[in-house]
Each structure stands twice: as structure tokens, then as C-alpha cells.
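# Close look at the chain arrangement
Chain by chain, the residues:
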Amino acid sequence: MTHTELWKAALGQIELSLSKANFVTWFKNTSILSFENGIATINVPNGFAKEWLENKYNLYILKALKSLDPTTQEIRCIISQNNNTQQNNQTVKRLDAIQGGISAQAGAFTRKKIPNEVSLSRNSGQNSVFESHLNPRYTFDNFIVAENNELARAACFAVSQNLGHLYNPLFIYGGVGLGKTHLLQGLGNEIMRQHSDKRVKYITSERFTTELVDSIKNQTIDQFKRTYEEIDLLIIDDIQFLSGREKTQNEFFHIFNALYQLNKQIVISSDRPPKAIPTLEERLRSRFEGGMIADISKPSLETRIAILETKAKEKGIALDSESIQFIATHITQNIRELEGALSRIMAYSEFQKVPLTLSLVQKVLGELITRSKKNIKQEDILRVIMDFYGISENDLVKKGRKKEVAHPRQIAMYLMRTELDTPLSSIGEFFGGRDHTTVLHAVEKIERIKETNLRIKEEIMSLRDRLQV
Ligand code: ADP
Ligand code: MG
């Protein structure tokens, strides 16, 4: 079998495991360059195909080639110089149809036609309508402000009053279900409400990548960039998914710079701070760090109660304070879960036609709680702390004055208080009969320094994660 035949046979197999569209898009213009010492070198038309074949489809290719030639060990892709202008017309048309379909649902305003856009007739449906992709359900008004999100909310509000000039870029980070998307979309909706002439675009980084890749395939990258450069407020949600995508980061960097230089506002969200996103290009990281960074942390018990009260009222659910307290103490991780619990309770009570009581709430949530939440005990906190700081139980618990254990002990006290709501006096007892004021002092101190000391804050986040596994 020649190399060409080998590749053809491999393609035949790969085709069976992918959708037609994906196969055509990524494998159409590939060929095999060489096959030596188990290394197959594949010619690909562009950097995007290289990225996708090497990362996403690597295993498919390897599997197919191995089944034909068991000596196969590795795939390498190189960008060929001569076939990058080839296009598959059918793919382009199909993508046009999809994009046309999406555009047709647009609820936003129409973009001005730029004269030379007309010549791009193959893609004429693609960008003629400008979409903000905002969901009107998310507003500043229905975003509940509490101690865990007030900085982020204040930053977004300030930006809404001073677009492009105050905090640029604005970077909001926090775990899942804590309200990042709500807040960012709320900002977008507020701008649309205040200024109907402003262009707002909300997009997830994954969607951004897809659009970019499509525009490269369709040879409309210039138009793609131009559309972006006309935006007044660009909101990119979940930027962590750009991690490892060099090409996309590169294009994003250029778009970012162009907008930034024009004083256009950029708002970004992520599940972690810029410096904790792996394989984020250094220049992007420093751009992000050059603006304003605000976080959203997990809601405290009081906040969870406040959120439940407000949401129950909004949904017209009559819940007594005991039931609210029960939900808030058992569902602690995020706001999406709190909303989920409320919907479940409401559905159950409507369906069964039974009144909402504490025992019903306990029954409905029973399964949810045991399934989703690990029951953390004081011992777990102790174990995680000992492990993390490398200290012994004896040092941590006994009443010594060793300086290096003071900090871990304070963190342990803080976690027992915030994670388990353990009374101060019990925590004191647990740590060798210390006074409850000592515990209070420790908890307050950690609470205070974590606001200004990013390292401590991340330490705590990491410890909390360890408690969940
Ligand atoms: P994230 O993007 O951080 O994962 P979302 O913004 O999707 O979280 O929030 C999850 C759900 O919780 C949404 O339905 C959102 O409306 C709600 N939510 C989050 N934070 C708040 C808040 N502070 N006030 C009201 N609703 C909130
Ligand atoms: Mg989100």
C-alpha cells in the first residue's frame, strides 16, 4: 500500500466516525506527506486545520492509521503552501445556510452595509444583521447584590456609566453558577437600554472560536474582523476556553487591540483569574491584568437566604423561613443550584397538589442533597489543611505558639466557620480549648486579608475545591 493509499483508507474510516460536515471541513484538503518510523506527517491547508487535527481529531486519526499499519505511533501536521486557497464550495454554501438561519432569528438592529461587502456575495446573509446575543431576562435590576458579588457588580455598573474609559478591559472571574453571565448580560442590556445606537455583542469564547474558524474557511476573515471593530461593547464570556488555542488567541489579541485603541469597551469573564488560566498567551494575560479585575465568590449563608427569599417571591412560591433556612444550609455551592432547588420544590408541590412545608422541602431535596453535596466534616477540613500545609495534627490542634502553624490554624478555623457553620465555641474546643474570641479574631482576620491578598484568596479557593472531592 502506498502512503497515499494508506491515507485514503484512513480517511474512509475517519469519515465513518464524524459527521459529514466535520469531515468535509477538516479533512477535505489533507494529504499524506510522509510515513517514516511510525510518524505520519499530514499536509493540512491552514493553521486551524492543524490545530483541530492535532488536538481534537488526533485520536481518530491515530486509531484509523494504527488499524491499517500497526507501526503508527504519532501524527504530525504541517501546513502546506500550495493548497490553502482551495475551497469546497459545498461546505461554504452549507455554512451560509446555517449562518443565514441564525441571522434570520435576529432581534437586534441592522448593520450598515459597507460597500465592498456586496462583493462577498457568497456570504451576504452572514453579517447583514447585527446581533447582540443578549438575553433580556438578565438585568442589573434582578441581580441581587451581596457581599460575594458587590465589587463585580459595582465595576459593571461603573462601566455602564462610562463605557470604554474607566475600566478597560473589565475582567470578572468566579466559579460556575455564581452569576457571571447574568452580570455581563445585565451590563449589555443596560447599555442597549441607555443608548440604542451603541453596538453590543455578547459571545462565549467557544462561539467566538467557531465563528473565527468559519470565517477563515469562508475567506471572510477581514469582514469578520471589521464587524468586531465596529462594536462599542464586546463581552466575551468564559474566556478560559481559549486556553491552548493559539491561533484564536492571536486573532483575539488583534481584535482586542483594535477595540482598545478606539476606546471601545471590552468585558471578559472567566472561571479563574488571568494568571491561573493555563496556556494563555503572555501578552493577553498582561492586557487583562492591565484593566480592572473583580471576582465573584461563593455566597455566604446569609446571602443564600436572601437570594432564596427574593427568588421565591419572584416565582410566587410561599416558603416559610424554616424551609428557606433548610435549603440555604444544604445547597451551598452556587446560585444556579439554589434556583434549581426552588423549581424542583415548586414543580413537586404543583404536581402532587400538596402545600409547601418543611417536610416536603426535605423530602424533595433529600435525594438532591445526598447526591450532589459531599457531607464535609471537621475531620475533612483538618485533613485537607494538614495535607496542604504539610503539618501534623498535633501541631495544628494543640495549644503551642509555633509561628508557622498559626496561619494554617486560622484558615482551618475560618473554613470550619464558613463551610460548616460550626459555632465559634465548638471550634475553640476542637483546637485545644481555645476561647471563642480567639476563633472570632481568626475568622475575621482571614475574611479581611483575603479581600486584599490574592494569594490567600486563592489558597482558600483551592482548599475549598479539595474539600469537595
Ligand atoms: P455563571 O455564568 O457564573 O456560571 P450565571 O450567570 O449563569 O452563572 O448564573 C446562574 C443562575 O443564577 C442564573 O439563572 C442567574 O440568573 C442566577 N444568579 C446568579 N447570581 C445571581 C444574583 N446575584 N442575583 C440573581 N440571580 C443570580
Ligand atoms: Mg456563565
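Everything in this summary refers to the structure shown in the same document. All values reported here derive from a predicted model rather than from experimental measurement. (Residues numbered from 1 in each chain as written. Chains lettered and ligands numbered in written order. Predicted model: local features only at pLDDT ≥ 70, side-chain atom pairs only at ≥ 80, totals over all residues. Heavy atoms only, no water.)

On to the packing of aromatic side chains, then. On inspection of all chains with the given rule, the structure shows 14 aromatic pairs. Seen in terms of ring centroids, Phe252 and Phe256 are 6.0 Å apart; in terms of plane orientation they differ by 65°. Their pairing is edge-to-face. Here Phe252 and its partner Phe256 are both found in helix H10 (residues 246-261), 4 residues apart, which amounts to about one turn of the helix. As far as burial versus exposure is concerned, Phe252 and Phe256 are alike and both buried. Counting every residue linked through ring pairs, the aromatic cluster contains Phe171, Phe208, Phe224, Tyr228, Phe252, Phe256, Tyr260 and Phe288. Positioned above the aromatic ring of Phe140, the side-chain terminus of Arg153 is 4.9 Å from the ring centre. Over the ring of Phe253 we find Arg283, and its NZ or CZ is 4.0 Å from the ring centre. (Phe/Tyr/Trp six-rings, centres within 6.5 Å; stacked < 30°, edge-to-face > 60°. Helix = DSSP H or I, 4+ residues; strand = E, 2+ residues; numbered from the N terminus. Buried < 20%, exposed > 50% of the residue type's maximum accessible area, 1.4 Å probe, protein only. Lys NZ or Arg CZ within 6 Å of the ring centre and 35° of its normal.)

Time to look at helix H6 (residues 150-161). Compared with the 16 Å implied by 1.5 Å per residue over 12 residues, the 16 Å span of H6 between its first and last C-alpha is a close match. Among the residues of H6, those classed as buried are Ala152, Arg153, Ala155, Cys156, Ala158, Val159 and Ser160. Elements in contact with the buried residues of H6: strand S4 (170-173), helix H7 (180-194), strand S7 (265-270) and strand S8 (292-295). (Expected span 1.5 Å × (residues − 1). Contact = heavy atoms within 4.5 Å.)

Turning to the pairing of S4, a few remarks are in order. Burial of S4 is two-sided: the residues Leu170 and Ile172 facing one way and the residues Phe171 and Tyr173 facing the other way are all buried. Two elements, S4 and S7, share 4 bridges in a ladder whose sense is parallel. Bridge pairing in S7 links Leu170 to Val267. One ladder, built from 4 bridges, connects S4 with S8; its direction is parallel. Paired with Ile172 across the strands is Ala294, a residue of S8. (Pairing = 2+ DSSP bridges.)

Turning our eyes to something else, we now look at the site of ligand 1. Residues in contact with ligand 1 amount to 18 residues; listed here are only the nearest, Ile144, Gly177, His182, Lys311 and Glu339. Measuring from an oxygen atom of ligand 1, one finds a backbone N or O atom of Gly177 at 2.7 Å. A distance of 3.3 Å separates an oxygen atom of ligand 1 from a polar atom in the backbone of Leu178. Protein burial of ligand 1: of its 560 Å² of free accessible surface, 95% is covered by the chains. Counting only elements with at least two residues in the shell around ligand 1, the list comes to H7 and helix H14 (335-352). Per-class residue counts for the shell around ligand 1 are 6 nonpolar, 7 polar and 5 charged. (Near = heavy atom within 4 Å. Polar contact = N/O pair within 3.5 Å; in protein donor to acceptor, adjacent residues only side chain to side chain. Areas by Shrake-Rupley, 256 points an atom, 1.4 Å probe, with all protein chains shown as cover. Nonpolar A, V, L, I, M, F, W, Y, C, P; charged D, E, K, R; others polar.)

Let's shift gears to the sheet that holds strand S2 (residues 39-44). Here 3 strands make up an open sheet; going across it, the order is S1-S2-S3 and the pairing mixed. Among the strands making up the open sheet, the edge pair consists of strand S1 (31-36) and strand S3 (74-79). If you compare each strand with its neighbour and ignore which way they point, the axes differ by 25° on average. Both S1 and S2 contribute to a ladder of 5 bridges, which runs antiparallel. Within the sheet, the bridge partner assigned to Glu36 lies in S2 and is Ile39. Sitting on the sheet, helix H1 (residues 3-17) is in contact with S1 and S2, with an inclination near 115° to S1. Contacts from helix H4 (residues 58-68) reach S2 and S3 within the one sheet, and its direction differs from that of S3 by about 120°. (Axes fitted to C-alpha atoms, helices over the stretch in contact; angles between N-to-C directions.)

A word on the environment of Ile268. With respect to the secondary-structure elements, Ile268 resides in strand S7. In sequence terms Ile268 and Ile293 are 25 residues apart; their C-alpha atoms lie 9.5 Å from each other. Those residues in contact with Ile268, other than ones at most four positions away along the chain, are Pro169, Leu170, Phe171, Ile172, Leu184, Ile236, Ile239, Phe256 and Phe288.

Moving on to the sheet that holds strand S5 (residues 200-204). One open sheet holds the 5 strands; their spatial order is S5-S6-S7-S4-S8, and the pairing between them is parallel. Among the strands making up the open sheet, the edge pair consists of S5 and S8. For this sheet, the mean angle separating the axes of adjacent strands, direction not counted, is 15°.

Within the structure shown, the criterion is met by 16 salt bridges. Note that Lys311 and Glu339 form a salt bridge whose closest N and O atoms lie 2.5 Å from each other. Pair noted here: Lys311 is in helix H12 (residues 301-315) and Glu339 is in helix H14, with a separation of 28 residues, a long-range link. On the basis of relative accessible area, Glu339 is assigned to the partly exposed category, the value being 23%. For Arg464, the salt bridge goes to Glu419, with nearest N and O atoms at 2.5 Å. With Arg464 in helix H21 (residues 454-468) and Glu419 in helix H18 (residues 403-420), this residue pair connects regions lying 45 residues apart in the sequence. Each of Lys201, Arg207 and Glu211 takes part in salt bridges that share partners, so that together they form one network. (Salt bridge = Lys/Arg side-chain N within 4 Å of Asp/Glu carboxyl O.)

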